[in-house]
Amino acid sequence: MDFSLTDEQELLLESVREFCDRYFTEDVIKEMYETHTMPDEIAEAYRDAGFGLMGIPEEYGGIPADHVTLGLMIEELYHSAGCNHILYQNSLDMLDICSFGTPEQIQKCVDAYMETGWPLCSLSISEPGAGSDNRSMTCTAKKQEDGTYVLNGQKTWVTMGAQLPYTIVVAKDEDPARENGSMSLWLINMDREGVSTAALHKIGQQCIPFCEVYLDNVVVTEEDRVGKPGEGFMLLMKNFEVERAFIVAEQLGLAQAALDDAAAYANQRIAFGKPIAKFQMIQEKLTEMEIRVQNTRNMLYKVLWELDNGIPVQLDSALLKRYGCTACFEVGDMALSIYGGLGYTSEVRIGRIWSDLRGNMFGGGTPEIMAYISGRQVAKKYAE
């Protein structure tokens, strides 16, 4: 095993740190959380630095990058920024488009990103009655006599859905029945007739707006289809494995920022005549935090290495999401405890990080669903 980084990876991480030091000042972050958005200047600078093009095929103007390198970049991006922003969303969106889209759709997304610095599209997957239970989706695409399709349904927890010009919708083909597993993906302009949104208000991740998307007799054509008919759900499930690893990389970066702050504060805070870092209970918290960070990091880069080497990760990605997101939230929770009452104010960033970490436990699959996926795979693994 080789845990060393290449010279190129070291330079990449240094560039990420310099970028975050310049653009993610505490004043800017506080404004982002108050206004529920991010300045265009940051999105444009991120694009110009090439970070958002990493992993996109070179023939479309992208920068080749393996999964390990992408994970390193994402982890440092959130560690150095110390806030839950939207920048790596383009990596997730382009992962789907590049995997399943037509050359025209891929180029369209790249061109839009290069023009604005923002991703072209959001992902509309979950529904009010179908979050973890995806087979209970009722959004449908029904074919008409003229060859077009009509979409009807409601999507929820759509990240940046009201801010980005397009969304990728997963809809059942023809029949909303639970037994129907045939689903397709559609790339839809948010300005199209019949599309509307309503904002969702969260207790964390305040600079990333979420919304509900309503589809009322929205007409689409074959040109709007992403991937093959009937395979939309399976396509999404495959890329969920990568998404889960990237979410954990984001979570790990935030947890490391929380640990940085808590350890520094413990060395500075004087109580009963000495730094609180001298007290056994604080030392125990710092120890448990470090263990969780190191364990999550080791699991994360093992999964990313497996992805780069074509090794199936259905089990390992679910184990990673189950353990990593929970462990990182626990790091944030212990960091808040070390700060005490100060951590529960807006004077320091630990409360913000704590609430952001909690939200990431839901995205990409809840801990309970990850246990369901993992449990079946573990039983199968040892039965063999």
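Bear in mind the structure is a predicted one, so any value in this text is a computation, not a measurement.

K.L.:
Explain the packing of helix α4 (residues 67-81) against helix α8 (residues 280-308) residue by residue, including any values.
P.N.:
Where α4 contacts α8, the axes come no closer than 8 Å and their chain directions differ by 145°. Along its contact with α4, which presents His67, Val68, Gly71, Leu72 and Glu75, the element α8 presents Arg297, Tyr301, Leu304, Trp305, Leu307 and Asp308. Of the residues assigned to the contact of α4 with α8, the class counts are six nonpolar, two polar and three charged.

K.L.:
Talk me through unusual backbone geometry; I want residue IDs and the actual numbers.
P.N.:
Positioned with a positive phi, Trp157 is a non-glycine residue whose angle comes to about 55°. Structurally, Trp157 is set in strand β3 (residues 149-159). Phi is positive for Glu174, close to 75°, though the residue is something other than glycine. Residue placement: Glu174 occurs in the loop between β4 (166-173) and β5 (183-189).

K.L.:
Lay out the nonpolar core with the relevant residues and their values.
P.N.:
Residues Phe19, Phe24 and Met73 are the most contacted members of the largest nonpolar core, which totals 106 residues. In this view, Met73 contacts Leu12, Leu13, Val16, Tyr46, Phe51 and Met54; residues no more than four positions away in its chain are not counted. Met190, Val213, Leu215 and Val220 belong to the second-largest nonpolar core, a separate cluster that totals 16 residues.

K.L.:
I'd like a rundown of the UniProt feature "domain: Acyl-CoA dehydrogenase/oxidase N-terminal" (unreviewed entry) in the chain, residues and numbers included.
P.N.:
Per the UniProt record, "domain: Acyl-CoA dehydrogenase/oxidase N-terminal" (unreviewed entry) is found at residues 6-111. Secondary structure within residues 6-111 divides into 69% helix and 0% strand; the distance between the first and last C-alpha atoms comes to 31 Å.

K.L.:
Run through the pattern of salt bridges, naming residues and quoting values.
P.N.:
In this structure the tally under the stated criterion is 14 salt bridges. A salt bridge links Arg352 to Glu26; the shortest N-O distance between them is 2.7 Å. With Arg352 in helix α10 (residues 350-359) and Glu26 in helix α2 (residues 26-35), this pair connects stretches of sequence that are 326 residues apart. Taking the relative accessible area as the measure of exposure, Arg352 reaches 13% and is therefore buried. Assessed through its relative accessible area of 30%, Glu26 is described here as partly exposed. Each of Glu14, Arg17 and Glu76 takes part in salt bridges that share partners, so that together they form one network.

K.L.:
Before we move on, could you go through the pairing of strand β7 (residues 210-220) and cite the residues and values that matter?
P.N.:
When β3 meets β7, the two strands line up antiparallel, connected through eight bridges. Across the sheet, Tyr149 pairs through a bridge with Val220, a residue of β7. For strand β6 (residues 195-200) and β7, the ladder comprises six bridges, and the chain directions are antiparallel. The residue bridging Ala198 from the neighbouring strand is Glu212, located in β7.

K.L.:
So, the pairing of strand β2 (residues 140-143): which residues are in play, and what are the values?
P.N.:
The pairing of β2 with β3 spans four bridges and is antiparallel. For Lys143, the partnering residue across the bridge sits in β3 and is Tyr149. Two successive antiparallel strands, β2 and β3, enclose a turn made up of five residues, where Gly147 displays a positive phi of approximately 90°.

K.L.:
So what about the domain arrangement of the chain? Which residues, and what values?
P.N.:
Taken domain by domain, the chain consists of domain 1 (5-117), domain 2 (120-228) and domain 3 (231-380). Just the C-alpha atoms count here: the centres of domain 2 and domain 3 sit 30 Å apart. Every contact between the two is made by 13 residues of domain 2 and, on the other side, 13 residues of domain 3. Both sides together, the interface formed by domain 2 and domain 3 hides about 1,100 Å², and carbon and sulfur atoms give 67% of it. The interface formed by domain 2 and domain 3 holds five residue pairs in polar contact (both at pLDDT 80 or more) in total. Per element, the largest residue contribution to the side of domain 2 that touches domain 3 is three residues, and it comes from β5. Partitioned by chemical class, the residues of the side of domain 2 that touches domain 3 number five nonpolar, seven polar and one charged.

Here is what the cut-offs are and how they apply
- Along every chain, residues carry numbers that run from 1 in the direction the sequence is written.
- Local features are withheld for residues below a pLDDT of 70 in this predicted model, meaning they are given only at 70 or higher, and side-chain atom pairs are given and counted only at 80 or more; totals for whole chains, interfaces and linings count all residues.
- Processing note: side-chain calculations cover all non-hydrogen atoms of the structure and skip hydrogens and water entirely.
- Axis definition: a line fit to C-alpha positions, over the contact stretch in the case of helices; interaxial angles, taken between N-to-C directions, run 0 to 180 degrees.
- Helical segments are the DSSP runs of H or I of at least four residues, strand segments are the runs of E of at least two, and each set is numbered from the N terminus.
- Throughout, a residue-residue contact means that at least one pair of heavy atoms, one from each residue, lies within 4.5 Å.
- Each residue gets one of three labels, nonpolar for Ala, Val, Leu, Ile, Met, Phe, Trp, Tyr, Cys and Pro, charged for Asp, Glu, Lys and Arg, and polar for the others, Gly among them.
- Working definition of a nonpolar core: buried Ala, Val, Leu, Ile, Met, Phe, Trp, Tyr and Cys residues. They are joined through side-chain atoms within 4.5 Å.
- Each residue gets one of three labels from its accessible area relative to the maximum for its type: buried under 20%, exposed over 50%, partly exposed in between, using a 1.4 Å probe on protein chains only.
- UniProt positions are given in the numbering used here, feature names are shortened, and annotations may be inferred rather than shown by experiment.
- Think of a salt bridge as a Lys or Arg side-chain nitrogen and an Asp or Glu carboxyl oxygen that are within 4 Å of each other.
- For two strands to be treated as a pair, DSSP must find at least two bridges joining them.
- Segmentation into domains, and thus their bounds, comes from an automatic or database assignment.
- Here's the idea: put two parts together, see how much 1.4 Å probe accessible area each one loses, and the total over both is what we call buried area.
- Pairing of N or O atoms within 3.5 Å defines a polar contact, subject to two protein rules: one partner must be a possible hydrogen donor and the other a possible acceptor, and residues neighboring in sequence count only if both atoms are side-chain atoms.

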